[in-house]
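Read off the chains here:
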Amino acid sequence: MAQGAAASSDLLCLDELHVTDVADAMLLSRLFEQILAHGCMVCFTSNRPVRDLYRGGLSRKYFEPFIQLLDERLLQLKVAGGRDYRTQHDAPPEQQQQKQHS
């Protein structure tokens with residue numbers, strides 16, 4: 001599977017990496033180790049730093065090789081704009097129209 005993904009893609013992008021299951025955590029480590037070994041570049045987004053993924057999860061020690069892999073092989077950037085748009089409610093229609101005409 002990893003070889004196929006790496007062979008068909010130069011870049012693999014995953015939005016919102018979030019792990020909640022120990023079996024998934026273990027599989028991710030092996031899968032992405034092989035994807036990276038086959039020369040595919042990887043990009044993840046997450047609301048948490050790598051070290052906080054699966055924090056407090058059952059048998060987290062099995063996930064730590066994946067965290068170590070990400071720490072060693074991927075550049076980590078914090079992109080914080082100061083505003084969390086997920087918590088913003090849409091303005092009423094009349095305010096939206098006023099903004100468009102301003």
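Residues numbered from 1 in each chain as written. Predicted model: local features only at pLDDT ≥ 70, side-chain atom pairs only at ≥ 80, totals over all residues. Heavy atoms only, no water.

Q: What am I meant to see in the side chain of Arg 60 here?
A: Topologically, Arg 60 is positioned in the loop between strand S2 (41–44) and helix H3 (64–73). For Arg 60, a relative accessible area of 19% translates into the label buried. The contact partners of Arg 60, leaving out residues within four places of it in the chain, are Arg 51, Asp 52, Leu 53, Tyr 54, Arg 55 and Ile 67. (Helix = DSSP H or I, 4+ residues; strand = E, 2+ residues; numbered from the N terminus. Buried < 20%, exposed > 50% of the residue type's maximum accessible area, 1.4 Å probe, protein only. Contact = heavy atoms within 4.5 Å.)

Q: Would you take a moment to explain the pairing of strand S1 (residues 11–14) for this structure?
A: Looking at chain direction, S1 and S2 are connected through four bridges and run parallel. Looking at S2, one finds that Leu 14 is bridged to Phe 44. In this fold, S1 hands off to helix H2 (residues 22–37), which returns the chain to S2; that crossover is right-handed. (Pairing = 2+ DSSP bridges. Right-handed = clockwise from strand over helix to strand, strands pointing away.)

Q: Which parts of the structure should I look at to understand the pattern of salt bridges?
A: Side chains bearing opposite charge may pair, as long as their charged atoms lie close to each other. Applying the stated criterion across every chain, the model contains two salt bridges. Among the ionic pairs, Arg 55 bridges to Asp 52, the shortest N-O distance being 3.0 Å. (Salt bridge = Lys/Arg side-chain N within 4 Å of Asp/Glu carboxyl O.)

Q: Would you take a moment to explain the packing of H2 against H3 for this structure?
A: Helix-helix packing is described using two parameters, namely the angle between the two axes and the distance between the axes. Here H2 crosses H3 at 30°, and the two axes come no closer than 8 Å. When the axes of H2 and H3 are compared, the pair comes out roughly parallel. Both H2 and H3 take part in a crossing whose hand is left-handed. Packed against H2, whose contacting residues are Leu 28, Ser 29, Phe 32, Glu 33, Leu 36 and Ala 37, the element H3 presents Pro 65, Phe 66, Leu 69 and Arg 73 at the interface. (Axes fitted to C-alpha atoms, helices over the stretch in contact; angles between N-to-C directions. Parallel < 35°, antiparallel > 145°, perpendicular 65-115°, else oblique. Left-handed = near helix turned anticlockwise from the far one by under 90°.)

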